[in-house]
Amino acid sequence: MEPPEDRPEADDEARRTSFGTLVDAERYDRLRPDHPDEAVDWLTGEPDGPLDVLDLAAGTGKVSRALARRGHRVVAVDPSDGMLAVLRHWLVESPRAQVRAVAGTAEQVPLPDSSVDAVVVGQAWHWLRPAAAAAEVARVLRPGGVLGLSWVVRDLRVGWAAELEALFGGEGLGGATGADEAAQGASARDLADAQWWPRVPLRGAVRERAAFPAAQRLASVDDVVALASTYSGLAVSRRREGLLQRVRELAASAARPDGSVLLPQVCHCFRYRLP
Ligand SMILES: C[S@@+](CC[C@H](N)C(=O)[O-])C[C@H]1O[C@@H](n2cnc3c(N)ncnc32)[C@H](O)[C@@H]1O
């Protein structure tokens with residue numbers, strides 16, 4: 001079932017703009033999951049060679065850097081200066097990387113018509129206004145171009161990880177400030193349902209979906225708690241301290257003898273190819 005609304009809830013606005021302010025960008029970059037290379041290749045349409053790729057809602061550029069490592073020429077667009085600052089810092093240290101960081105939004109992409117072969121939106125389509133964003137994607141993509149959406153979430157088939165996901169995703173928060181993914185209903189449960197699709201009004205596009213294992217090793221229980229604080233639902237919750245304590249207990253229950261924690265995760269991917 002596809003969600004009907006084109007506008008995020010009012011409360012979601014505070015969370016949508018929390019990245020780089022309430023959510024610490026460096027902590028986000030250090031602790032949020034990376035996308036597996038196979039997922040990055042799938043999201044860009046499994047190309048034979050380098051492409052021009054727009055990383056939309058790029059944040060700190062986690063996906064941009066993965067794309068650059070695959071040889072693509074990347075433009076990273078995000079409205080948050082705080083998040084882009086992390087990417088810009090990396091660019092200073094990696095002058096040969098073919099990545100350009102540009103301030104902008106998905107609803108008004110600062111790129112010319114027909115200028116990219118692929119658009120990738122990592123962990124963020126739920127923050128965008130789907131009709132306006134899809135219109136911009138259709139404008140900047142070349143004919144035959146590909147839009148790839150991804151979400152990395154905890155693996156719901158593993159008991160403690162499912163409970164952790166409920167806390168990360170905000171299901172435990174209740175009310176309008178619900179799941180990070182709730183603005184357009186992309187909860188971990190939705191993503192795991194093979195019948196579910198995000199709302200992507202791209203006329204004539206052929207859609208496909210795939211999922212890739214994306215387990216993440218965190219050095220300590222403290223790091224899992226710090227990761228939790230990068231999820232906007234927790235960052236803005238009045239029940240933050242209690243929820244973080246529950247995250248700590250869950251992480252401790254899964255900690256290995258060396259103190260590290262392996263988070264079982266899945267990278268859910270959706271791909272739309274234009275005619
Ligand atoms: C959960 S982060 C995802 C960042 C990155 N793609 C990743 O995979 O780590 C969501 C990002 O969406 C950005 N964002 C929020 N509203 C946006 C909009 N209207 N247009 C573009 N980006 C937006 C935020 O600034 C934030 O960096």
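Right above here is the structure, for reference.
Calculation criteria
- Residues numbered from 1 in each chain as written.
- Predicted model: local features only at pLDDT ≥ 70, side-chain atom pairs only at ≥ 80, totals over all residues.
- Core = buried A, V, L, I, M, F, W, Y, C linked by C-beta atoms within 7 Å.
- Buried ≥ 20, exposed ≤ 12 C-beta atoms within 10 Å, placed from the backbone.
- Helix = DSSP H or I, 4+ residues; strand = E, 2+ residues; numbered from the N terminus.
- Contact = placed C-beta atoms within 7 Å.
- Near = placed C-beta within 6 Å.
- Nonpolar A, V, L, I, M, F, W, Y, C, P; charged D, E, K, R; others polar.
- Right-handed = clockwise from strand over helix to strand, strands pointing away.
- Pairing = 2+ DSSP bridges.
- Expected span 1.5 Å × (residues − 1).
- Arc of directions from axis to C-beta.

Within the largest apolar cluster, 62 residues are counted, with the highest numbers of intra-cluster contacts made by Leu56 and Val119. For this core, the leading source of residues is strand β5 (residues 141-154), giving 7 residues. For valine 119, the residues in contact, after removing those within four places along its chain, are Leu54, Leu56, Val137, Val140, Leu141 and Leu147. Within the second largest apolar cluster, 18 residues are counted, among which are Ala161, Leu218, Val224 and Leu250.

Let us look at the site of the ligand. Near the ligand lie 20 residues; those nearest to it are Ala57, Gly59, Ser80, Ala106 and Gly122. Among the residues forming the shell around the ligand, the class breakdown is 10 nonpolar, 5 polar and 5 charged.

So, on to the pairing of strand β2 (residues 73-78). Burial within β2 is extensive, with 5 of its 6 residues counted as buried. Since strand β1 (residues 52-56) and β2 lie parallel, the crossover through helix α4 (residues 62-69) that links them has a hand, and here it is right-handed. One ladder, built from 5 bridges, connects β2 with strand β3 (residues 99-103); its direction is parallel. Bridging from a neighbouring strand, aspartate 78 pairs with alanine 103 of β3. Crossover connection from β2 via helix α5 (residues 81-93) to parallel β3: handedness right-handed.

Its 13 residues give α5 an end-to-end C-alpha distance of 18 Å, which sits within 8% of 18 Å, the value for a rise of 1.5 Å per residue. Considered for burial, the residues of α5 that qualify are Met83, Leu84, Val86, Leu87 and Leu91. When α5 is viewed along its axis, its buried side chains cluster within an angular range of 145 degrees and face the same direction. Structural note: α5 exposes Asp81, Val92 and Glu93 on the side pointing more than 90 degrees away from its buried face. Contacts made by the buried residues of α5 are with α2 (25-31), α4, β2 and β3.

Our focus in this paragraph is helix α11 (residues 240-254). Taking 1.5 Å as the rise per residue, α11 with 15 residues should run 21 Å; its terminal C-alpha atoms sit 21 Å apart, in good agreement. Among all positions of α11, only Leu243, Val247, Leu250 and Ala251 are buried. Across the axial projection of α11, the buried residues extend over an arc of 100 degrees, all falling on one side. Among the exposed residues of α11, those oriented more than 90 degrees off its buried face are Glu241, Gly242, Gln245, Glu249 and Ser253.

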